[in-house]
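# Residue-level structural notes
Here is what each chain is made of, one letter per residue.
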Amino acid sequence: DDDFVSMQKTEELKVDINNTIASVFREMCISTNFFFDDFWYNIYHQHQGQEPHHHLGLLIPYWCGIYYNKNASATVFCRDFGIWAVQRVPSWESSQLNPFFAPTIPIDVEDGDILLFPPYLNHYVPIQEEIDSDDKMRVTFSFNLMHGDVANKIEKR
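Right, let's walk through the structure included here. (Residues numbered from 1 in each chain as written. Predicted model: local features only at pLDDT ≥ 70, side-chain atom pairs only at ≥ 80, totals over all residues. Heavy atoms only, no water.)

## Thoughts on the sheet that holds strand E5 (residues 104-107)
- Spatial strand order, E2-E7-E4-E5: four strands in an open sheet with antiparallel pairing. Bordering the open sheet on either side are strand E2 (50-53) and E5, each of which pairs with just one other strand. Averaged over neighbouring strand pairs, the angle between their axes works out to 20° when direction is ignored.
- In this sheet, strand E7 (residues 122-125) lies alongside strand E4 (residues 75-78) in antiparallel orientation, the contact comprising three bridges. Bridge assignment links valine 76 to a residue of E7, and that residue is tyrosine 124. (Pairing = 2+ DSSP bridges. Helix = DSSP H or I, 4+ residues; strand = E, 2+ residues; numbered from the N terminus. Axes fitted to C-alpha atoms, helices over the stretch in contact; angles between N-to-C directions.)

## A look at a nonpolar patch on the surface
- Judged by side-chain polarity, Leu56, Ile60 and Tyr120 come together as a nonpolar surface patch covering roughly 310 Å² of accessible area.
- Under the relative-accessibility criterion, tyrosine 120 is labelled exposed at 52%. (Patch = residues over 30% accessible without salt bridge, like charges linked within 9 Å, V, L, I, M, F, W, Y side chains within 5 Å. Areas by Shrake-Rupley, 256 points an atom, 1.4 Å probe, with all protein chains shown as cover. Salt bridge = Lys/Arg side-chain N within 4 Å of Asp/Glu carboxyl O. Buried < 20%, exposed > 50% of the residue type's maximum accessible area, 1.4 Å probe, protein only.)

## Details of the sheet that holds strand E3 (residues 63-70)
- Strand order in the open sheet formed by four strands is E1-E8-E3-E6, with antiparallel pairing between adjacent strands. What marks the edges here is a single partner per strand, and that holds for strand E1 (34-45) and strand E6 (114-117). Adjacent strand axes in the sheet meet at a mean angle of 20°, parallel and antiparallel pairs treated alike.
- In the sheet, E3 pairs with E6 via four bridges, with the strands oriented antiparallel. Its bridge partner being in E6, glycine 65 is matched across the sheet by leucine 116.

## With respect to the environment of glycine 57
- With respect to the helices and strands, glycine 57 occurs in the loop between E2 and E3.
- Linking glycine 57 and tyrosine 120, residues 63 residues apart in sequence, is a C-alpha distance of 9.7 Å.

## Observations concerning unusual backbone geometry
- One non-glycine residue, histidine 47, lies in the positive phi region at around 70°.
- Take histidine 47: it is sitting in the loop between E1 and E2.
- Despite not being glycine, asparagine 71 has its phi angle at roughly 55°, a positive value.
- Its place among the elements puts asparagine 71 in the loop between E3 and E4.

## Points about the nonpolar core
- Ile17, Ile21, Phe39, Phe141 and Phe143 are the most contacted members of the largest nonpolar core, which totals 15 residues.
- Those elements that provide at least two residues to this core are helix H1 (7-27), E1 and strand E8 (137-147). (Core = buried A, V, L, I, M, F, W, Y, C linked by side-chain atoms within 4.5 Å.)

## Focus on the environment of aspartate 38
- Inspection of the secondary structure puts aspartate 38 in strand E1.
- For the pair aspartate 38 and leucine 145, spaced 107 residues apart in sequence, the C-alpha separation works out to 7.3 Å.

## Here we look at the packing of aromatic side chains
- In this structure the tally under the stated criterion is 13 aromatic pairs.
- Ring geometry for phenylalanine 25 against phenylalanine 34: centres 5.6 Å apart, planes inclined by 70°, an arrangement best described as edge-to-face.
- Overall, the relative accessible area of 3% leaves phenylalanine 25 in the buried class.
- Geometrically, the ring pair formed by phenylalanine 39 and phenylalanine 143 is stacked, given 6.2 Å between the ring centres and 15° between the ring planes. Highlighted residues: phenylalanine 39 in strand E1 and phenylalanine 143 in strand E8, separated in sequence by 104 residues. (Phe/Tyr/Trp six-rings, centres within 6.5 Å; stacked < 30°, edge-to-face > 60°.)

## Quick word on the environment of isoleucine 114
- As for its position among the elements, isoleucine 114 is in strand E6.
- Note on isoleucine 114: relative accessible area 29%, which makes it partly exposed.
- In this structure, the C-alpha to C-alpha distance between isoleucine 114 and tyrosine 68, residues 46 residues apart in sequence, is 6.4 Å.
- The residues contacting isoleucine 114, other than those within four sequence positions of it, are Ile17, Thr20, Ile21, Ile66, Tyr67 and Phe143. (Contact = heavy atoms within 4.5 Å.)

See below:
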């Protein structure tokens, strides 16, 4: 009973995303034995964003993903502080080594892109300052994929 996205459209989108991911996984020799555990949409208007978070919980997803539907903007991944933070070389900020030492890594995306990432990576959506659209909103569909073997283990309990 959602006014923004009907269940029919949601199911059609899940099928399309599933088929796209399965196709890429087959090309990369990655198991295609997965299913959607969670599927939701996010709407961010101007001056809204999402705090850093990860997708670890009682059941840990196989992969997490985002489908960028409208007014795509970067998702930013946060590097946990560790030895890399004290091993930065001089002038790393202006060198080609910047991505390896930066505390955050923005992933540039376009409408229609699907981004997959492991569930333990902290990530966030920066505050949306400039959305170039009449309706001024960023729309994404997010999901957690579980490996099919997890369903078999849960059923056996």
